[in-house]
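# Overview (structure and organization)
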Amino acid sequence: MTDIPLATAEAAVAGTDTGRRAAPYLPMPRTAARAATLAGAVISIASTFMSWTYTTDFPGDLTVSGYPGGLQIMTLIAAILTGVVALGAFGTPGLRWLNPSRSPNSVLLLALATLGTTWYTVIDIAAKLGGFANLDPGGFVAFIGALVLFAGALGLPIDRRPQEPAGAEYYELGRFEKYAAVVRTYVWLREARLHHSDLRVADARKLNPWLQRLVIVVVYALGLKILTFGLATDYSDIFIGYLIVVAVGFWGLGASGLLKQFQQLTHRNRRFSATVGVIAAIAYPFVQNNEHWANLGVSVLIVGTVALGLNIVVGLTGLLDLGYVAFLGVGAYAAALVSGSQFSIWSGVQFPFWAAAITGMVAACVFGVLIGAPTLRLRGDYLAIVTLGFGEIFRIVVRNLDGVSGPKITNGPNGIAQIPDLSVFGYNLGDNHSMGSFTLGRFANYYLLMLLITVIVVLVFTRAADSRIGRSWIAIREDETAATAMGINGFRVKLVAFALGASLAGLAGTVFAHVTNSVVPDPYQFSGPVPPNSAFLLAAVVLGGMGTVSGPILGAALLYVIPEKLDFLSKYELFAFGLALVLIMRFRPEGIIPNRRRQLEFHEDEELAPGNRPMGDDTVPAATAGA
Amino acid sequence: MHTLPQQLANGLFIGSMYGLIAIGYTMVYGIVQLINFAHGEIYMTGAFGALAVYTNLPDGMSIWAALPLMLAGGAIVAVLIAVGAERLAYRPLRNAPRLAPLITAIGLSLALQQAVFLWYPHATAGKHFPQLPGDGFDIGSVSVAPGDIFLVVAAVVCMSALATFVRTSRTGRAMQATAQDPDTAQLMGIDTNRIIVIAFAIGGLFAAVAGLASGLKYGQIKYDMGFQAGLKAFTAAVLGGIGNIYGAMLGGVVLGIAESCASAYISNIPGMQQLGGEGWKNVWAFVLLIIVLLLRPQGLLGERVADRA
Amino acid sequence: MRQRSLLILTSVLATGALTLSACGSRSDDDKKSSDGGGNSAGTSSTTVVIGVDAPLTGANSATGLGIQYGAQIAVDDANTKKLVPGVTFKIKALDDKAQPATGQQNATALVAESDVIAAVGPLNSGVAQSMQQVFDSAKMVEISPSNTNPALTQGKDWATGTKTRPFKSYFRTATTDANQGNFAADYAAKTLNKKNAFVVDDKQTYGAGLAGIFKGKFQSLGGKIAGTDHVNTGDSDFSTLVTKIKNSGADILYYGGQYDESELITKQLKAAGVHIPLMGGDGMYSDTYIKTAGAAAEGDLVTSVGVPVDTLPAAKTFIDTYKAKGYPGDYGTYGGYSYDATTAIINGVKAVMDANGGKLPSDARAKLIDAVQKTDFDGIAGHVSFDEFGDTTNKQLTVYQVKSGKWVAVKTGEYTG
């Protein structure tokens, strides 16, 4: 930012402590803690077979004794997981592999997931139905069980940061350092931090290669199952419970070292796991045989793919493009014009899909060059404002090109409607196709087509990022002056990135036009209530992780699905986006899935021990997110 | 062409507003090289702050008596938000890669706009804003409304006050020094953090004045008024030469006049009949920005400086 | 040893998760059957759901909520009056946020639910374009209470007279821009005796369509067009436009668009000393317009579809119910049409069931299309029936004028060519 260079080298060297201590949060005898943990898990599991409330008014019907339903399933799964991982942590033979790091941190986090979802359910029942009187005994049992479980886990020897040296000074507190209470709280918080990321785990690559592959397949299948289960929840209450379990549970599995091992496996079997990932994604419309969810799947893939294209510009090259959605629009309009729609000015012209896709890409690329060429020579900040302006202008221009207030091209505000469905090799994507016992509807067809395009874009992204030009992009991002001095033609390299990003958006736009049957000017705006809009795309890239493959796709999927399922939040969606951008940039600028180089860059003046790297890496295949 | 004086005046009025907002962009950029995208929303919150004061004043109070209070209310809100944003969102990122504060600014802008939309009472549509009493009058062939006079007077007063401040006061000179070379300025004993806060505060203050003037001129304010105004004002700042406070005002006026002339006269050019009018004026403003960036990237009054980013 | 236990446990976990998630779906079925059982003793009662799609959040939400609760009142009325014996109607309202892609997703969601029989909505013509195809493929009736773009029912060449209906399943209870624009031009030229009109629109489907039709009709009635211009939605400074109008010598300004911009235009126009009336369509027929524009609004005109509500007793009951229930949103603009659209569906369901011996046939959705086509009843906004394109045959229009700070009906009539 400013050119007040903080001594980066010293900062990196200064904080290299790898110290760790194991201490419980709640002091209690070891056996008592273990017993409480296991008992809590058992009580929680048992409670899900009881009735929690006596009316069916609460979503998911929790009145049935004998088998769990609705939110009880969440408690059940979380409690089982906590139980077995705890057994693994305690060294039970045969279960030890479930907790390779032997750290009780994973137990604590999974217990937190159990507690979160159970208490959420119980409190939600009380809030929805008016008071705790609406709980059946099962509800109270669950409440207590989760509490016992969590309390037991707090008594385990948790791996934490070392104790702060006495008399340490905390400049970051500024003028608050004077107050002893503030400092005490701060020290307590610092010491309470979990510290498990550099625990050693057994190398999973020593497993039998076939078993490795089997594990990969099973994990992907489970991932697909978890995903479709979440999508199929029909009440936002259940979805919240699901989110708690998945998010906190994932964190817990990370602490157990299982994710690290899985990463080792996918790393070793990179091609195999990528293939399995794609197969899992293909399986999605078959597993989730419902047109609405297929439609959602297409939308997620489209915004995910566009976000990935934006990632070339923002994540790899470090250029801020705030009008990216306009390139999607250019592609969509170009495809609509040659689609054979009767509202197109060339209503007789109907290109086959491959030609339409190329048309969309070329058109978007041309606009990318037109916008990029004058601005990329200048300081990067100008690009942000010019693209923002372009994004606004695009909509205005398209609205005016109707023959009344401009040349007749886009049919103005009415847009181009009745875009016919695509037909690929005689396979009409608009019709239902039966395959054995499965029926692929219109949106399932488009989902599969879009998946193909996503795979292409992922390939383009990884190939480009690993190529000579990709390394130049990163060099430019890191330090343009140094890169230029090394002989990189900054302008040309940036223009390539900008044009490539635009073309990929144009490619996605061609499918977008056909999926929605019509193109109109309004969706292509900077910030709007629904994706795609430039702010959404940027948020997806930033949340997921700049410069990674799976990050933007995961980010887009999360940002798309969460508001979709939590419909009562939709009012606050844009507000939350804004706030999220600010908070992510402040606290985790590398996103959910960090790019290794990027993370070092963002945290260069903080302590970053060599092994202290959260899970995730740019090589994680995209499948679980894309499915 | 007998409408030309009127159209120039229209451009001057709207341009003064762009200029007032552009000051905020240009001062912040000049000192920390940050495009504060949220500045448009600070202008918006300034207008809403003034309105909030007005609605809580006793009925029947004359608008002239209310005006200083409204200005104070708007200024407090806008300055607090601007300074708060600097302190809580931008300052921690001062050594982060360049992209981080830009994204933060975008996020802030969205959050501020939505916060007003969601929580200011009945702000989902346009809000009625009081207007200055009295009818418009004619100066020659130009008709002028009281709101326009207020706007131009406010712009002139603010500009000259700022110019005096920067040129003569100690803090003003410290600002110039920090803009030129923050490291050396710091070594010379200037508290650069304080200077940066002051730059944000002045930007917020001017944005509040612009917000109040906009409310008085149009009689309506809206939660999304900041986005386009911010975009235009930034264009104005670039046109005039970013970092230069006189340039910001000049750029604003040039942009305003260019817009109003484009809207009024482009359709008279043979072959471009369809490309004139209100609908295309934003497009022409954008074209102007591109042309200036191509031909004179340092802006009308800017000096060519080495790329420091 | 270690590898074997790993194998066993992964498979146990996998099957466990699969079985559990299969359990997850049972709760819903249970609930449905208990719902049905509790409703009416003896006779089997079926629940029929009518989908509603409108923007329920965001900038257009007031109007969108009016559509939702207009439909809700229609359903409540049908249920209390037992209009269709043995059937309980329910509303499932989805939010399209005024975005085509979201509207389309809602359409697929409604189609995917087997107990949804038909849909009311959407608000915006642009959204309708993306939904029509989905509903038509599923042979499901869609009735919009507010789409005004003629091309939706009459095909792209409607203006030249070759009308073809693109989708058999799409109907609307709102009249098209064509009727409203022509009616307004008629009134301006003949009743107000205006000779010289300046036409402005906001480049939205609704506004641009309306303005284009007004312009054509006004010219054909011998009027002159002093000038045309197009504004951007969201702009607030119209001084350049006002100067142009001032110098064009126009004696009326026609604005196609919503009140958000027109209230500012009329204010700035009159502040510049141009005292000509501003005329617009039903998008401007709102109290907000008068409130914001203040005295400047005096004498401005709008056309609105239907007869004035206070002349119809049925409409009065509707408004009273709406207010009494404390529903959010704005019933004034399209609530009545939404009520009528929903009633048309309910009547259609009755017709389909009567033809099938009092039971809902398995292909009820498809049969409903024909039944709705034959709709014929008196709704709260006038007579409801559909012509061969799916347009309403009710072409009643009213001109309102601002007189001492209130909208006052000055002419009610029917546009006849």
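Residues numbered from 1 in each chain as written. Chains lettered and ligands numbered in written order. Predicted model: local features only at pLDDT ≥ 70, side-chain atom pairs only at ≥ 80, totals over all residues.

- For chain A, an unreviewed UniProt entry supplies the name Branched-chain amino acid ABC transporter permease and the organism Actinacidiphila epipremni.
- Under the heading Subcellular location (unreviewed entry), UniProt records this for chain A: "Cell membrane". (UniProt positions renumbered as here; feature names shortened; annotations may be inferred.)

## Concerning the overall build of chain A
- For chain A, the count of helices and strands is 23 helices and 6 strands.
- Its C-alpha atoms give chain A a radius of gyration of 26 Å, within 12% of the compact-globule value 25 Å for 627 residues.
- When its C-alpha atoms are laid out on the principal axes, chain A stretches across 80 × 60 × 50 Å.
- Considering only residue pairs separated by 6 or more positions, chain A has 78% of its internal contacts joining residues 24 or more positions apart. (Helix = DSSP H or I, 4+ residues; strand = E, 2+ residues; numbered from the N terminus. Rg over C-alpha atoms; globule rule 2.2 N^0.38 Å. Contact = placed C-beta atoms within 7 Å.)

## Things to note about the domain arrangement of chain C
Residue and element names in this part refer to chain C.
- The domains assigned to chain C are domain 1 (45-175 + 310-386) and domain 2 (178-305 + 398-414).
- A separation of 30 Å is found between the C-alpha centroids of domain 1 and domain 2.
- With 8 residues of domain 1 in contact, the opposing surface of domain 2 contributes 9 residues.
- Residue composition of the side of domain 1 that touches domain 2, grouped by class: 2 nonpolar, 6 polar and no charged. (Domains from an automatic or database assignment. Nonpolar A, V, L, I, M, F, W, Y, C, P; charged D, E, K, R; others polar.)

## Some remarks on the interface of chain B and chain A
- Across the contact, 48 residues belong to chain B and 46 residues belong to chain A.
- Where the side of chain B that touches chain A is concerned, the elements lending two or more residues are α4 (99-119), α7 (182-187), α9 (225-240) and α11 (278-295) of chain B.

## Looking at the nonpolar core
- In terms of nonpolar packing, the biggest core is built from 244 residues, with Leu537 of chain A together with Val209 of chain B touching the most fellow members.
- Contacts of Leu537 of chain A, omitting those with residues within four sequence positions, involve Val303, Val306, Ala307, Leu310, Tyr324, Val325 and Pro532 of chain A.
- By size, the runner-up hydrophobic cluster in this structure holds 117 residues, among which are Val127, Ile213, Ile245 and Tyr289 of chain C. (Core = buried A, V, L, I, M, F, W, Y, C linked by C-beta atoms within 7 Å. Buried ≥ 20, exposed ≤ 12 C-beta atoms within 10 Å, placed from the backbone.)

## Section: the interface of chain B and chain C
- Contact residues are listed per partner, giving 26 residues for chain B and 24 residues for chain C.
- Residue assignment for the side of chain B that touches chain C shows that the elements contributing at least two residues are α1 (4-32), α9, α10 (245-265) and α11 of chain B.
- In terms of residue class, the side of chain B that touches chain C is built from 7 nonpolar, 17 polar and 2 charged.

## Description of α4 of chain B
- For α4 of chain B, spanning 21 residues, the distance from its first C-alpha to its last is 30 Å, which sits close to the expected 30 Å at 1.5 Å a residue.
- α4 of chain B sits mainly inside the fold: 17 of its 21 residues count as buried. (Expected span 1.5 Å × (residues − 1).)

## Let's talk about helix α4 (residues 100-112) of chain C
- Helix length check: α4 of chain C, at 13 residues, gives a terminal C-alpha distance of 18 Å against a target of 18 Å (1.5 Å per residue), a fit within 8%.
- Within α4 of chain C, 12 of the 13 residues are buried, which leaves it mostly tucked inside the rest of the structure.
- Pro100, Ala101, Thr102, Gly103, Gln104, Gln105, Asn106, Ala107, Thr108, Ala109, Leu110 and Val111 of chain C are the residues of α4 of chain C that are buried.
- Buried residues in α4 of chain C make contact with α11 (291-316) and α15 (442-466) of chain A together with β1 (46-54), β2 (87-95), β3 (116-120) and α5 (125-137) of chain C.

## Some thoughts on the domain arrangement of chain A
- Each assigned domain of chain A is listed here: domain 1 (20-196) and domain 2 (270-419 + 435-626).
- One C-alpha centre belongs to domain 1 of chain A, the other to domain 2 of chain A; they are set 38 Å apart.

## A closer look at the environment of Gly155 of chain C
All names here are of chain C.
- Inspection of the secondary structure assignment puts Gly155 in the loop between α6 (151-154) and β5 (170-172).
- Look at Gly155 and you get partly exposed, because 18 C-beta atoms sit within 10 Å.
- Sequence separation of Gly155 and Pro166 is 11 residues, and the distance between their C-alpha atoms is 5.9 Å.
- The contact partners of Gly155, leaving out residues within four places of it in the chain, are Lys163, Thr164, Arg165 and Pro166.

## Topic: the sheet that holds strand β13 (residues 396-403) of chain C
Residues and elements named next belong to chain C.
- Ordered in space as β7-β6-β8-β9-β10-β13-β14, the 7 strands form an open sheet in which the pairing is mixed. Two strands in the sheet have a free side with no partner beyond their single neighbour: β7 (224-230) and β14 (406-414). The sheet shows a mean angle of 25° between the axes of neighbouring strands, taken without regard to direction.
- With 6 bridges connecting them, strand β6 (residues 196-201) and β7 associate as parallel partners. Across the sheet, Ala197 pairs through a bridge with Ile225, a residue of β7.
- Strands in contact with helix α10 (residues 259-271) are β8 (252-256) and β9 (278-280); relative to β9, the strand with the most contacts, it is inclined by about 165°. (Pairing = 2+ DSSP bridges. Axes fitted to C-alpha atoms, helices over the stretch in contact; angles between N-to-C directions.)

## A short note on the confidence of the model for chain C
Residue and element names in this part refer to chain C.
- Per-residue confidence for chain C gives a mean pLDDT of 84, with 89% of residues at or over 70.
- Across chain C, element-level confidence peaks in β8 with a mean pLDDT of 95 and bottoms out in helix α2 (residues 26-39) with 38.
- Across the assembled chains, the prediction reports ipTM 0.90 with pTM 0.86. (pLDDT = per-residue confidence, 0-100.)

## Notes on the pairing of β14 of chain C
Residues and elements named next belong to chain C.
- As defined by bridge partners, β13 adjoins β14 across 8 bridges and the pair is classed as antiparallel. Bridge pairing links Thr398 to Thr412 in β14.
- Hairpin connection of β13 to β14: 2 residues between the antiparallel strands, including Ser404 at a positive phi of 40°.

## Side note on the packing of helix α10 (residues 270-287) of chain A against α15 of chain A
All names here are of chain A.
- Taken N-terminus to C-terminus, the directions of α10 and α15 make an angle of 165°; their axes are 9 Å apart at the nearest point. The orientation of α10 relative to α15 falls into the category roughly antiparallel. Where α10 crosses over α15, the two elements pack in a sense that is right-handed. Across the interface between the two elements, Val278, Ala281, Ile282 and Pro285 from α10 touch Ala444, Tyr447, Leu448, Leu451 and Val455 from α15.
- Residues that form the contact of α10 with α15 fall into these classes: 9 nonpolar, no polar and no charged. (Parallel < 35°, antiparallel > 145°, perpendicular 65-115°, else oblique. Left-handed = near helix turned anticlockwise from the far one by under 90°.)

## Details of unusual backbone geometry
- Omega for the peptide link from Gly121 of chain C to Pro122 of chain C comes to -5°, which places this bond in the cis form.
- Within the fold, Pro122 of chain C resides in the loop between β3 and α5.
- Although it is not a glycine, Gln33 of chain B adopts a positive phi angle of roughly 55°.
- Tracing the backbone through its elements, the reader meets Gln33 of chain B in the loop between α1 and α2 (39-56).

## Comments concerning the packing of helix α3 (residues 71-89) of chain A against helix α8 (residues 236-256) of chain A
All names here are of chain A.
- Axis separation between α3 and α8 bottoms out at 9 Å; the angle between their running directions is 10°. Taken together, the axes of α3 and α8 lie roughly parallel to each other. Contacts from Leu71, Met74, Ile77, Ala78, Leu81 and Val85 of α3 reach α8 at Asp237, Ile238, Gly241, Tyr242, Val245, Gly249 and Ser256.
- Among the residues forming the contact of α3 with α8, the class breakdown is 9 nonpolar, 3 polar and 1 charged.

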